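Each chain, written out:
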Amino acid sequence: MHSTADYQFISENLFVPVKDDQLFVKRYTQTTAKEAILMIHGSMESGRIFYSLKDKGLAPFLAEKGFDVFVPDFRGRGKSTPAVSKHSKNKQIHAIEEEIPALLHEIRSHHRWDVPIHVVAHSWGGVWMLAHIARHQQLNIASMCLLASKRSIVVDSFKKRFEVDFVWSVVAQMMTKFYGYFPVKKMRIGQENESKGVYEDCKKWVYATDEWIDPSDQFDYLTAFKKAKNIPPTLYMTGKKEYYLGHEKDVRRLMKEVNNPEDKFILLSKEKGYALDYDHINICTAKEAVTDHFPIILEWLKNRGKAKPKT
């Protein structure tokens, strides 16, 4: 049990079955929680981006403030089983249409079925959640915050050409063909391995700058968003030291693709009054974030997108 001036919270480990797999979920909660948060990690990582072994980070912070927080590891990552291997057959469509629904069902099983659920996602996790919303526009999602989430990359630099166009695209493709999965850990370019299907689907979206089509069933996400009427208000945040994984230009492009007038964008930089020029990882992990932009995320969620954060 952890205590603060506001609340006491506990942490527990859950496992959510999805067909033959088990998704590990770290839950931070306390007895007075009336609203829930699903936190979705990004590519080549696990839910640990949102919490430390000492229960510090964005997930415990939000639990301290009164939310019931669920932090999953998606298929094969972190403590979910089985681990990614050459036998892994999952693609992005399975995260979008199997894992996210199973996690939302799990959250509602701990509450009334009409409990407001919020979403906080980092990087590619935001793309998966938006894709799910495009397909299911009657979801009871109260609000969202997407941290450094981009869908495609148009920003250009030497660093992007080397690390994305060469290492992630060319070298990783050869390594994935050899191992039968994307060996992120062996390549030392991330925390979690990915299945061949997820890697290949992700690459198609990153380079498809003018369209957003699902490789599995040809669902047209851009067309769906043009017709959408029930998109939750979303706060997009990214840092000034994002050179290609979540560059301001690409985050704004994703925001434009969704085209929800209730959405807001914040660039986290010293010039804007924040403690750091945040990058792709420390936007979630920096100790300064606890007093810098975590409170802005909290107010956005508490007010269901009606807050007016500083820009």
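Residues numbered from 1 in each chain as written. Predicted model: local features only at pLDDT ≥ 70, side-chain atom pairs only at ≥ 80, totals over all residues. Heavy atoms only, no water.

Right, let's talk about the overall build of the protein chain for a bit. For the protein chain, the count of helices and strands is 11 helices and 11 strands. Scaling as 2.2 N^0.38, a compact globule of 311 residues should have a C-alpha radius of gyration of about 19 Å, and the protein chain matches this with 18 Å. Projected onto its principal axes, the C-alpha positions of the protein chain cover 50 × 45 × 40 Å. Per-residue burial over the protein chain gives 57% buried out of 311 residues. Sequence-distant contacts, at least 24 apart, represent 71% of the contacts inside the protein chain between residues at least 6 apart. Of the accessible surface of the protein chain, which amounts to about 14,100 Å², a share of 51% is contributed by carbon and sulfur atoms. Of the charged side chains in the protein chain, 47 are positive and 39 negative, and the gap between their average positions amounts to 2 Å. (Helix = DSSP H or I, 4+ residues; strand = E, 2+ residues; numbered from the N terminus. Rg over C-alpha atoms; globule rule 2.2 N^0.38 Å. Buried < 20%, exposed > 50% of the residue type's maximum accessible area, 1.4 Å probe, protein only. Contact = heavy atoms within 4.5 Å. Areas by Shrake-Rupley, 256 points an atom, 1.4 Å probe, with all protein chains shown as cover. Lys, Arg positive; Asp, Glu negative; His and termini not counted. Charge placed at Lys NZ, Arg CZ, Asp CG, Glu CD.)

Those residues of helix α11 (residues 294–302) that sit buried are Phe 294, Ile 296, Ile 297, Leu 298, Trp 300 and Leu 301. Once α11 ends, the next one or two residues include Arg 304, with phi positive near 50°.

Below, the discussion takes up unusual backbone geometry. In this model, Thr 81 is joined to Pro 82 through a cis peptide bond whose omega is -5°. Checked against the element boundaries, Pro 82 lands in the loop between β5 (67–72) and α2 (92–109). Positive phi values are uncommon outside glycine, yet Asp 55 reaches one of about 60°. For Asp 55, the position within the fold is in the loop between β4 (35–40) and α1 (58–64). In the Ramachandran plot, Gln 218 falls in the positive-phi region, its phi being about 65° despite a non-glycine side chain.

All told, the structure shown has 17 aromatic pairs when counted by the stated rule. Among the aromatic residues, ring-to-ring pairing joins Trp 124, Trp 205, Trp 212, Phe 219, Tyr 221 and Phe 225 into one connected group. In this structure, Arg 135 packs its charged tip against the face of Phe 219, placed 4.5 Å from the ring centre. (Phe/Tyr/Trp six-rings, centres within 6.5 Å; stacked < 30°, edge-to-face > 60°. Lys NZ or Arg CZ within 6 Å of the ring centre and 35° of its normal.)

Summed over the entire model, instances satisfying the criterion amount to 0 disulfides. Cys 145 supplies the cysteine sulfur nearest to Cys 284, a cysteine that is in no disulfide, at a spacing of 8.9 Å. (Disulfide = S-S within 2.5 Å.)

What follows covers the pattern of salt bridges. All chains considered together, the criterion is met by 17 salt bridges. Across the pair Glu 35 and Arg 304 runs a salt bridge, and its minimum N-O distance is 2.5 Å. Of this pair, Glu 35 sits in strand β4 while Arg 304 sits in the segment after α11, placing them 269 residues apart in sequence. Given the relative accessible area of 18%, Glu 35 is considered buried. A salt bridge links Lys 159 to Glu 163; the shortest N-O distance between them is 3.0 Å. Residue Lys 159 and its partner Glu 163 are located together in helix α4 (residues 158–179), separated by 4 residues, close to a single helical turn. Judged by its relative accessible area of 29%, Glu 163 falls in the partly exposed class. (Salt bridge = Lys/Arg side-chain N within 4 Å of Asp/Glu carboxyl O.)

Bringing the nonpolar core into the picture now. Residues Leu 130, Trp 212 and Tyr 236 are the most contacted members of the largest nonpolar core, which totals 62 residues. Top contributing element to this core by residue count: helix α3 (residues 124–135), with 8 residues. When sequence neighbours within four positions are dropped, the list of residues in contact with Trp 212 reads Val 127, Leu 130, Ala 131, Arg 151, Trp 205, Phe 219, Asp 220, Tyr 221, Leu 222, Phe 225, Leu 254 and Glu 257. One finds Ala 59, Met 237, Leu 268 and Ile 296 within the second-largest nonpolar core, a separate group that totals 35 residues. (Core = buried A, V, L, I, M, F, W, Y, C linked by side-chain atoms within 4.5 Å.)

Everything listed here is a matter of geometry and, on its own, says nothing about what the molecule does.
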